[in-house]
Amino acid sequence: MRLSYLPPLMVYVAAGIAGLTSIVAVFYIKERLGLSAEFLAGLGFWAGLPWALKVPLGHLVDLIWRWKGALVFVGAGMIAASLGIMIGLLGDTDSMRALWSIEAWFVFSTLLAPIGYVVQDVVADAMTVEAVPRFDAEGRPTSMAERKSMNTTVQTLGRVAIIGGSVLVSLANVYLLRGVGDMPEAEKALAYLRVYHLALVIPLVSVLGVVLGLAFKWRDARRLAAKGFAKSEVRRMLNPHGERPPVNWWIIGGGLAFAVVSLGIGIGDVTGGQEIVFGVSMAIVLFLMWRITSELEPDARHVLVGTAVLVFVFRAMPGPGAGSTWWMIDQLAELSLIGSVLTLAGLFIFRRFMAERSIAYIVGSLTVATTVIGAPVVGMYYGLHHWTAAHTAGIVDARMIVLIDTALESPLGQIAMVPMLAWIANSAPDRLKATFFAVMASFTNLALAAAQLGTKYLNQALVVTREVRDASGAITTPADYSQLGTLLVLTTVISLMVPMLAIVFVRVTRFRSA
């Protein structure tokens, strides 16, 4: 851990604690607004849309690299305005209603915050590059091996900051909203208001990160100047970005096209709409990758493509879907917080492993580990938990198996991303770091969309249903888990074989992995 890592980590922490108000928002909608589930689903789509703009925003950061910190202030202003609206709605409802309808204020607040967060996230990715020094305190260049290790550490800590923020939010909500359901309306409103007041720390944390970064840069400049380096040399040492790149209209146009296609998810209702949107989005992102990788030397391009293929395939593996959780729903309710905490521990434990091994080795290891860890859950369908409980005096029962599975599997998805992010920070062209971060993030997020589509297809072929009763208690849909075992086995085999084939592909072709 270095002090120079703190500025981007503070922006990431702000993103992690962004969910502080989410539970209050749910209660507020339920008790005050009465908005339909359909309307809220549409609102959720619109709230997620700004993340589709990450590619053009990433290129914008590269274009205004020297002033990118100003974007964090812009994002913080949007987040603070969103929180201020909700504070007004809870604390001075009549005055807010006199200006605009309560529903309109809520929608405006809901849409304003994610724009601020995506702007800050793009800048935080870029700040991780500056966090790793190119020169030591004496002005000596740091070696590539040292920088690779430091970049891996920064990217690991970035995931830790985001997940750690969400853990803090879980704990804070338990404390702040304890017993709120039994409070009178006036006290309940005050409890909700208290949460939103506390949430004002979110934009403050991100802004302080930028201020701290400027302070560190000023300190380092003074230190190097005291060593006798000229101002021009100091600027070169402290600025990893180099000269300003030309405006790449292909990236801006392709990024905006990606946003427009994403917009089609919300307004289109055509047969095969998800597949169409996924296919077009993938084509656009692959085109953008082709454009930006033309900036790389052939060897570096092959490494990036090979690495991206492995990470994509690993993250794109389908799961069994909701059917596998329905019969262990009681255990899962308490495992969300446990999973987050264990993910944090896993990221620290595997940091050196990620820094010293190739991504092919890492993905292969994670694939085997995921298969081994998931096998007991498959066995539960066939009664493994009855056998283990009988032979361990009831200690290793279904609950214990699910807990162990969550404990071991939680860190794996995050671990797969860190080496690719570290490679971008270390090896992507200096003047296009933020652009590379944004495009590759879009590509790996499409892997999650591919996983969801694969899960949908498997659940269409192997149908699992949960018992549903109407208001009178009559069964409208009977439970049917007869095909769940086949589904679990099939997803396990696919998730083992396909990543291994991808590793073989990368090994035998000209592509390599970082």
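Our structure is the block above this text.
So, a few notes on the structure that sits alongside this text.

Cut-offs used in this document
- Residues numbered from 1 in each chain as written.
- Predicted model: local features only at pLDDT ≥ 70, side-chain atom pairs only at ≥ 80, totals over all residues.
- Heavy atoms only, no water.
- Helix = DSSP H or I, 4+ residues; strand = E, 2+ residues; numbered from the N terminus.
- Buried < 20%, exposed > 50% of the residue type's maximum accessible area, 1.4 Å probe, protein only.
- Contact = heavy atoms within 4.5 Å.
- Areas by Shrake-Rupley, 256 points an atom, 1.4 Å probe, with all protein chains shown as cover.
- Lys, Arg positive; Asp, Glu negative; His and termini not counted.
- Salt bridge = Lys/Arg side-chain N within 4 Å of Asp/Glu carboxyl O.
- Polar contact = N/O pair within 3.5 Å; in protein donor to acceptor, adjacent residues only side chain to side chain.
- Arc of directions from axis to C-beta.
- Axes fitted to C-alpha atoms, helices over the stretch in contact; angles between N-to-C directions.
- Parallel < 35°, antiparallel > 145°, perpendicular 65-115°, else oblique.
- Nonpolar A, V, L, I, M, F, W, Y, C, P; charged D, E, K, R; others polar.
- Core = buried A, V, L, I, M, F, W, Y, C linked by side-chain atoms within 4.5 Å.
- Phe/Tyr/Trp six-rings, centres within 6.5 Å; stacked < 30°, edge-to-face > 60°.

**Quick notes on the overall build of the chain**
- Scanning the chain from terminus to terminus reveals 24 helices and two strands.
- For the chain, the residues scored as buried account for 48% of the 514 residues in total.
- Partitioning the intrachain contacts of the chain with sequence separation of at least 6 by distance along the chain shows that 81% fall at a separation of at least 24.
- Summing over all exposed atoms, the chain offers an accessible surface of approximately 24,400 Å²; the carbon and sulfur share of this is 66%.

**A look at the side chain of Asp-62**
- Turning to its location among the elements, Asp-62 is positioned in helix α4 (residues 54–63).
- Although Asp-62 is buried, it forms no salt bridge, and the closest oppositely charged side chain is Lys-68 at an N-O distance of 8.6 Å.
- One polar contact links the side chain of Asp-62 to the main-chain amide nitrogen of Ala-434, over a distance of 3.2 Å.

**Some remarks on helix α20 (residues 384–391)**
- Among the residues making up α20, those that are buried are His-385, Thr-388 and Ala-389. In an axial view of α20, the angular spread of the buried residues amounts to 100 degrees, which keeps them on one side of the axis. In α20, those exposed residues whose orientation departs by more than 90 degrees from the buried face are His-386, Trp-387, Ala-390 and His-391.
- Of the residues one or two after α20, Ala-393 is the one with positive phi, at around 55 degrees.

**Comments concerning the packing of helix α5 (residues 69–91) against helix α10 (residues 201–226)**
- Two elements in contact, α5 and α10, have axes whose closest approach is 8 Å; the angle formed by their N-to-C orientations is 170 degrees. As the angle between them shows, α5 and α10 are arranged roughly antiparallel. Contact with α5, carried on its side by Gly-69, Val-72, Phe-73, Ala-76, Ile-79, Ala-80 and Leu-83, involves Ile-202, Pro-203, Ser-206, Val-207, Val-210 and Val-211 of α10 and no other residues of that element.
- When the residues that make up the contact of α5 with α10 are grouped by side-chain class, the tally is 11 nonpolar, two polar and no charged.

**A look at the nonpolar core**
- Val-61, Leu-310, Phe-312, Phe-436, Met-440 and Phe-443 are the most contacted members of the largest nonpolar core, which totals 73 residues.
- In terms of residue count, the dominant contributor to this core is helix α23 (residues 433–461) (10 residues).
- In this structure Met-440 touches Met-289, Leu-304, Ala-308, Met-420 and Ile-424, once residues within four positions along its chain are discounted.
- Judged by nonpolar contacts, the second largest core, of 29 residues, contains Leu-20, Met-96, Leu-193 and Tyr-196.

**Regarding α4**
- Where burial is concerned, most of α4 is hidden: eight out of the 10 residues are buried.
- The set of residues buried in α4 consists of Lys-54, Val-55, Pro-56, Gly-58, His-59, Val-61, Asp-62 and Leu-63.

**Comments concerning the packing of aromatic side chains**
- Following the criterion strictly, the structure yields five aromatic pairs and no others.
- Considering the side-chain rings of Trp-100 and Trp-105, the 5.3 Å spacing of their centres and the 80 degrees angle between planes classify their relative orientation as edge-to-face.
- Using a relative accessible area of 44% as the deciding quantity, one classes Trp-100 as partly exposed.
- Taking 5.9 Å as the distance between ring centres and 45 degrees as the angle between the ring planes, the aromatic pair formed by Phe-287 and Trp-290 counts as tilted. Taken together, the residues span about one helical turn, with Phe-287 and Trp-290 both in helix α13 (residues 273–293) at a distance of three residues.
- Judged by its relative accessible area of 28%, Phe-287 falls in the partly exposed class.
- Taken together, the aromatic side chains of Trp-100, Trp-105 and Phe-108 make up a single cluster linked through ring pairs.

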